[in-house]
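Listed below, chain by chain, are the residues.
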Amino acid sequence: MAGFRVGIANLVLVTATLAWSTATWAEYDAGKLRQVAGGYLDAVHLAAELHQSRCGDLFKKETDSFAQATGELAGYLNPNDANELQTFLTSDEFRKAQTSTREFIEGWVELLARNGRDEQASCNVAASSVAKVYEDAKQNWEQAKANYGR
């Protein structure tokens with residue numbers, strides 16, 4: 001029994017040391033964080049637009065809202081980078097990107113339908129594709145937070 005306790009104590013010590021070491025390896029890297037954060041915000045926005053499209057009822061993937069995502073991103077950015085994000089989100093460039101995404105979704109579903117699918121099948125293809133994009137972007141964001149966030 002004493003050997004078991006010593007083994008557990010050593011395991012706890014090694015785990016704590018590894019956790020501390022890993023935390024010290026993470027270094028804020030604004031460029032890498034921005035790149036991954038941009039992909040994540042794009043995926044969140046794409047999912048939100050699909051939810052609001054004619055295919056919205058078929059898109060069942062639970063996703064973060066855009067407000068949740070931007071709030072979370074800001075928490076991992078240095079203050080100057082967070083201000084830059086806020087400035088971009090209020091820009092005409094961002095509003096144009098939102099419109100382009102909305103038009104892309106509608107055009108994509110129409111193109112899928114023209115290729116012999118009915119609307120439901122087209123929406124299913126779009127929904128599964130957007131779900132995969134979102135899952136990948138979310139996973140990349142989680143890794144970037146740990147590796148490059150402040």
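Our structure's up above, just so we're on the same page.
Residues numbered from 1 in each chain as written. Predicted model: local features only at pLDDT ≥ 70, side-chain atom pairs only at ≥ 80, totals over all residues. Heavy atoms only, no water.

Q: An account of the overall build of the protein is needed here, citing residue identities and associated values.
A: Tallying secondary structure elements over the protein gives six helices and zero strands in all. For the protein, the α and β elements follow one another from N to C terminus as α-α-α-α-α-α. Relative to all contacts within the protein whose residues are 6 or more apart in sequence, the contacts with residues 24 or more apart total 77%. Counting every atom, the protein has about 9500 Å² of accessible surface; 55% of that belongs to carbon and sulfur. (Helix = DSSP H or I, 4+ residues; strand = E, 2+ residues; numbered from the N terminus. Contact = heavy atoms within 4.5 Å. Areas by Shrake-Rupley, 256 points an atom, 1.4 Å probe, with all protein chains shown as cover.)

Q: Which residues make up the packing of aromatic side chains, and what are the values?
A: With the rule as written, the count across this model stands at six aromatic pairs. Among the aromatic residues, ring-to-ring pairing joins Tyr40, Tyr76, Tyr134 and Trp141 into one connected group. (Phe/Tyr/Trp six-rings, centres within 6.5 Å; stacked < 30°, edge-to-face > 60°.)

Q: Now, about the state of the cysteines: what can you tell me, with residues and values included?
A: Within this structure, the stated rule accounts for one disulfide. Sulfur-sulfur distance for the disulfide between cysteine 55 and cysteine 123 comes to 2.0 Å. Between cysteine 55 and cysteine 123 the disulfide shows an S-S torsion of about -65°. By sign, it is left-handed. Of this pair, cysteine 55 sits in the loop between α2 (30-52) and α3 (66-76) while cysteine 123 sits in helix α6 (residues 119-148), placing them 68 residues apart in sequence. With relative accessibility at 1%, the residue cysteine 123 sits in the buried group. (Disulfide = S-S within 2.5 Å. Buried < 20%, exposed > 50% of the residue type's maximum accessible area, 1.4 Å probe, protein only.)

Q: Can you tell me about the packing of α2 against α3, naming the residues and giving the values?
A: Interhelical geometry of α2 versus α3 gives an angle of 170° and a closest axis separation of 10 Å. What the angle tells us is that α2 and α3 run roughly antiparallel. Between α2, through Leu33, Ala37, Tyr40, Leu41, Val44 and His45, and α3, the contact on the second element is made entirely by Phe66, Ala69, Thr70, Glu72, Leu73 and Tyr76. Here the contact of α2 with α3 is built from residues that sort into nine nonpolar, two polar and one charged. (Axes fitted to C-alpha atoms, helices over the stretch in contact; angles between N-to-C directions. Parallel < 35°, antiparallel > 145°, perpendicular 65-115°, else oblique. Nonpolar A, V, L, I, M, F, W, Y, C, P; charged D, E, K, R; others polar.)

Q: Give a detailed account of the layout of surface pockets, specifying residues and quantitative values.
A: What the largest pocket holds in volume is close to 370 Å³. What lines the largest pocket is a set of 18 residues, among which Arg34, Gly38, Leu41, Leu85 and Phe88 lie closest to the centre. Ranked by residue count, the leading element in the lining of the largest pocket is α2, at six residues. Looking at side-chain class alone, the lining of the largest pocket contains ten nonpolar, four polar and four charged residues. (1 Å grid on protein atoms, 1.4 Å probe; cavity = no way out; pocket = protein on both sides within 12 Å on 5 of 7 lines; lining within 4 Å. Points joined across faces, edges and corners; volume = space filled by probe spheres on them.)

Q: Break down the environment of aspartate 81 for me, with residues and values.
A: Summarising the element assignment, aspartate 81 is placed in helix α4 (residues 79-89). Considered as a pair, aspartate 81 and arginine 34 are 47 residues apart in the sequence and their alpha carbons are 8.5 Å apart. Those residues in contact with aspartate 81 that sit more than four places away from it in its chain are Tyr28, Ala30 and Arg34.

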